[in-house]
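# An overview of the molecular structure
Spelled out from the first residue to the last, the chains are:
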Amino acid sequence: MATTNKAVESSQPSLWRRIRSIHPGLVLATLDVIGLGIASYLSIEELQNHTLVCVKSGIFDCNAVAQSSYSRPFAGIPVAVYGVILSLTLLTLALAWWRTNNYKLLLLHYGLSLVGVLFEGWFQFAQVFLIKKVCIWCESYGISLILRFVVALWVYLRTPNPDAVFDEELAE
C-alpha cells in the first residue's frame, strides 16, 4: 500500500512544475485585470470628484495627487483613464496571445507596457519631486505595470529564436 502512494505522488507534478506550466499570457492577463481594477476605481472616483479612500500620512496623500495638474496632463483627462485604456488593451493582447500563441501579440504587449512604464517613471517623478505627495493607488498600479513589463520581457528573452517564430507564423 505504501508503494501505491509513492507511485501516485511521483505521477503528480510538483507545485513548481505546475506553476511553470501556466501560460505567461494568463499571468499577464491576471496582472492586467489587477491594473484594470485599480485604474477603474481611480477613474470613477476622479471623474465624479469623489474623495479617494487612501492613507493620508506624511508623504502619502492620494487626493493631493489626484487634484494636481500633473494627474491630468493631456486634455484634462485623468491619468487613471489612460490606465483603464492601457489595461484593457493589454488584457486583450494577453488573452489573444494565450489563445493563439501569436508572438507578435506578445511583442505588442511588451511595447505598450514599456510605454506605460516610461509614463509611470514620469508620473513617479512628478509625485515625488513636483507634487511632493505619493498616491498609494498610483504606486500599486505602477507596480502592476512594471510586473507586466517584466513578465513580457522575460518571455521575450527566453524565446530562443524569435525569427523562427515569425517564420512559423507566416507559414500558417
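Summarised in this report is the structure supplied together with it. Quick caveat: nothing in here was measured; it's all calculated off a predicted structure.

Moving on, we come to the packing of helix α5 (residues 79-100) against helix α6 (residues 103-131). Following both chains from N to C, one finds α5 and α6 inclined at 160°, their axes separated by 9 Å at the closest point. Regarding the angle of α5 to α6, the classification is roughly antiparallel. The chirality of how α5 crosses α6 is left-handed. Counted together, Val79, Leu86, Thr89, Leu90, Leu93, Ala94, Ala96, Trp97 and Thr100 of α5 and Tyr103, Leu105, Leu106, Leu108, His109, Leu112, Ser113, Gly116, Phe119 and Phe123 of α6 form the full contact between these two elements. A per-class count over the contact of α5 with α6 returns 14 nonpolar, five polar and no charged.

Moving on: the state of the cysteines. Cysteine pairs can be covalently joined through their sulfur atoms, and such a bond is termed a disulfide. Taken as a whole and assessed by the stated rule, the structure comprises one disulfide. Bridging Cys54 to Cys62, the disulfide has an S-S length of 2.2 Å. Looking along the S-S bond of the Cys54-Cys62 disulfide, the torsion reads about 60°, which is the right-handed sense. Its relative accessible area of 1% is what places Cys62 among the buried residues. Free cysteine Cys135: the closest other cysteine sulfur is in Cys138, separated by 3.1 Å. Judged by relative accessible area, Cys135 falls into the buried class, the value being 1%.

Quick look at a nonpolar patch on the surface now. On the surface, Val55, Ile59, Phe60 and Ile136 cluster together to form a nonpolar patch covering roughly 320 Å² of accessible area. Within the element layout of this structure, Ile136 appears in helix α7 (residues 136-158). Residue classification places Ile136 among the partly exposed positions, given a relative accessible area of 36%.

Here α5 contains 22 residues, and its C-alpha end-to-end distance of 31 Å stays within 8% of the 32 Å for a straight helix at 1.5 Å per residue. Among the residues making up α5, those that are buried are Val79, Ala80, Val81, Gly83, Val84, Leu86, Ser87, Leu90, Leu91, Leu93, Ala94 and Trp97. Trailing α5 by a residue or two, Asn101 shows a phi angle of about 60°, which is positive.

As a further point, take the side chain of Asp61. Structurally, the position occupied by Asp61 is in the loop between α3 (24-47) and α4 (62-67). Buried and without a salt bridge, Asp61 has Lys56 as its closest oppositely charged side chain, separated by 4.0 Å. Only 3.3 Å separates the side chain of Asp61 from the backbone nitrogen of Asn63, close enough to count as a polar contact. Discounting residues that sit within four places of it in the chain, Asp61 has contacts with Cys54, Val55, Lys56, Lys133 and Val134.

Before going further, it helps to examine unusual backbone geometry. In the Ramachandran plot, Ala75 falls in the positive-phi region, its phi being about 60° despite a non-glycine side chain. We classify Ala75 as exposed; its relative accessible area is 77%. Of note in the backbone geometry, Lys132 takes a positive phi value of approximately 65° without being a glycine.

Turning our attention to the pattern of salt bridges. The final tally for this structure, using the stated rule, is one salt bridge. Notably, a salt bridge pairs Asp32 with Arg148, separated by 3.2 Å at the nearest N-O pair. Here Asp32, found in helix α3, pairs with Arg148, found in helix α7; they are 116 residues apart in sequence, far enough to count as distant. A single burial state applies to Asp32 and to Arg148, both of which are buried.

Thresholds applied
Residues numbered from 1 in each chain as written. Predicted model: local features only at pLDDT ≥ 70, side-chain atom pairs only at ≥ 80, totals over all residues. Heavy atoms only, no water. Axes fitted to C-alpha atoms, helices over the stretch in contact; angles between N-to-C directions. Helix = DSSP H or I, 4+ residues; strand = E, 2+ residues; numbered from the N terminus. Parallel < 35°, antiparallel > 145°, perpendicular 65-115°, else oblique. Left-handed = near helix turned anticlockwise from the far one by under 90°. Contact = heavy atoms within 4.5 Å. Nonpolar A, V, L, I, M, F, W, Y, C, P; charged D, E, K, R; others polar. Disulfide = S-S within 2.5 Å. Buried < 20%, exposed > 50% of the residue type's maximum accessible area, 1.4 Å probe, protein only. Patch = residues over 30% accessible without salt bridge, like charges linked within 9 Å, V, L, I, M, F, W, Y side chains within 5 Å. Areas by Shrake-Rupley, 256 points an atom, 1.4 Å probe, with all protein chains shown as cover. Salt bridge = Lys/Arg side-chain N within 4 Å of Asp/Glu carboxyl O. Expected span 1.5 Å × (residues − 1). Lys, Arg positive; Asp, Glu negative; His and termini not counted. Polar contact = N/O pair within 3.5 Å; in protein donor to acceptor, adjacent residues only side chain to side chain.

Just geometry here; none of it tells us what the structure is for.
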